[in-house]
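# Fold and geometry: a report
Given next are the chains, with one letter for each unit.
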Amino acid sequence: MQLLPGFRDFYPEDCARRNYILSVWRNVASRYGFVEYDGPVLEPIELYRKKSGGELVGQLFDFVDKGERHVALRPEMTPSLARMVAARERDYKKPLKWFCAPSFFRYEKQQRGRLREFLQLNCDILGDATPAADAELLALLIDILRGFGLGPEDFVVRLSDRDAWMQFASGRGVEEARLLDFLGVVDKLERAPEAESRRKLEEFGIPLEAVRAFIAHPEAEAGKLHGILADLKARGLDQFVTVDLTIVRGLAYYTGLVFEVFDRGGKERALAGGGRYDALLEVMSDGKVRMPALGFGMGDVVLANLVEEVPSAAQRRAEWLAARRSAEVYIVVAEESKRAEALQVLQLLREAGWRTDYAMGAAKVGKQFQAAEVLGAKFAVVVGAEWPEVKVKQLALRSEASCQWQDLPAFLKK
Ligand code: HAM
């Protein structure tokens, strides 16, 4: 039986890698005062047809359930989040700073950086319309990537403004109902063949050159984004961002600031993307709740590629993984007649919080030491003829000492 395309098995080493990514995400998000939430994996398909829009609607994993409901596995979090917050808006003090990091599903063609099931960190700030909130979210995004050991030479956040594109298009006579289609063409400009973009833009009566000329002059936008840029500069994070109008984002609900993160080498797909969706809660609550909001999503797939390639990031990951090897202490049963005593020591150390392992069956002492090394244990505790005294070996240093078995927890700590 083969794996389905775009899905992954997680062997222990893959889980360790995934846990590393999750730990950095959670750690930095909580340093910024974000709290974790989650929602359901399955939602009514209408949620995405109406709220996500764009390319994503064609990528849904959807089916009709036994109750005749047309449902979809979540391809993104933003519509669910907007629904959740709109429903219990009064229960939380504004601004809300919320994050989650579950699995999402998109029926995309499997390729480097894109799978059909992936993890995505979502960080969103709701209830604050100021550029200070924009900058706070961007600073978090940057610090998360820095948390992996990535620097300004490795990635860049490209900032843009969807409002500017809306004005550009309506100023050239694009009808409101077709604005999203127009944005879709701009979104693909960098990836699609030139002739195709030119033809599609002509359908809107706009020459490709006019679009290119607009993109070539981001100064006006930099003026509008001044508050955000100044805030990031004060934090010393301005070298991570640039104004770049080629970014418009493929999802329907964005209203103003939009951004995407790319590797500087330009080899990978987007690492993260997000923006403001100031009207989504109102739409979601039939006009009852108006709340400005912005956020981003960061997948684990492109991120893992970079973390493997960039030396400082790879080293940080290796250190984290080494510190979390499966055992810290290995109990070596030097004489089988002392197995019951060894089990007593095992239980004592585990209860004291030490990650402790041992050979479940009789084995030569040399074999037991080998097993200790494979597990990356720091200490071997040898239980043998000296009982109730035990030998403690510090494996990397090849040093040895002895103590009474009851004193082990304190002895190891020291
Ligand atoms: P998105 O641009 O569709 O935005 O996805 C954000 C990130 O998720 C991408 O940059 C990429 O890292 C990852 N991603 C997306 N699709 C895949 C895939 N098929 N395989 C692997 N990784 C993938 C959103 O989803 C918005 N809801 C983000 C957001 C949150 N906006 C506001 N709040």
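Within each chain, residue numbers correspond to sequence positions counted from 1 in written order. Side-chain atom pairs in this predicted model are given and counted only at pLDDT of 80 or more, local residue features only at pLDDT of at least 70, and totals for whole chains, interfaces and linings cover all residues. Each side-chain value is derived from all of the structure's non-hydrogen atoms; neither hydrogens nor water enter the calculation.

## A few points about the domain arrangement of the chain
- The domain limits used here are those given by an automatic or database domain assignment. Split by domain assignment, the chain resolves into domain 1 (12-319) and domain 2 (327-413).
- Using C-alpha coordinates to define each centre, domain 1 is positioned 50 Å away from domain 2.

## As for the sheet that holds strand E16 (residues 389-394)
- Two strands pair under a simple rule: DSSP has to find at least two bridges between them. Only DSSP runs of H or I covering at least 4 residues are called helices, and only runs of E covering at least 2 are called strands; the numbering of each starts at the N terminus. What the five strands build is an open sheet, ordered E14-E13-E15-E16-E17; its pairing is mixed. Single-partner strands in this sheet number two, and they are strand E14 (356-358) and strand E17 (399-404). Strand-to-strand twist across the sheet, computed as the mean angle between neighbouring axes with direction ignored, equals 25°.
- Judged from the three bridges that link them, strand E13 (residues 329-333) and E14 form a sheet pairing that is parallel. Angular values range over 0 to 180 degrees, each being the angle between N-to-C directions of two axes fitted as lines to C-alpha atoms, with helices fitted over their stretch in contact.

## Concerning the layout of surface pockets
- Of the pockets and cavities examined, the largest pocket occupies roughly 1000 Å³.
- Looking at the largest pocket, it is lined by 46 residues, and the ones nearest its centre are Arg-114, Arg-249, Glu-260, Arg-269 and Ala-270.
- Those elements giving two or more residues to the lining of the largest pocket turn out to be strand E7 (117-126), strand E10 (257-263), strand E11 (272-276), strand E12 (293-299) and helix H12 (300-309).
- The element that contributes the greatest number of residues to the lining of the largest pocket is E12, accounting for five residues.
- Polarity classes work like this: nonpolar for Ala, Val, Leu, Ile, Met, Phe, Trp, Tyr, Cys and Pro, charged for Asp, Glu, Lys and Arg, and polar for all others, with Gly in that last group. Tallied by class, the residues present in the lining of the largest pocket amount to 17 nonpolar, 14 polar and 15 charged. In this analysis a 1.4 Å probe is tested at points of a 1 Å grid over the protein atoms alone, and where it fits but cannot get out there is a cavity; an open set with protein on both sides within 12 Å along at least five of seven lines is a pocket; lining residues have an atom within 4 Å of a point. Grid points are joined across faces, edges and corners, and a volume is the space filled by probe spheres set on the points.

## Notes on the packing of helix H7 (residues 194-202) against helix H8 (residues 208-216)
- In the contact formed by H7 and H8, the axes pass within 9 Å of each other and the chain directions differ by 100°. What the angle tells us is that H7 and H8 run roughly perpendicular. Across the interface between the two elements, Glu-194, Arg-198 and Leu-201 of H7 pack against Leu-208, Glu-209, Val-211 and Arg-212 of H8.
- Looking at side-chain class alone, the contact of H7 with H8 contains three nonpolar, no polar and four charged residues. What sets the label is the angle itself: under 35 degrees gives roughly parallel, over 145 gives roughly antiparallel, 65 to 115 gives roughly perpendicular, and the rest give oblique. Every residue pair with non-hydrogen atoms within 4.5 Å of one another is taken to be in contact.

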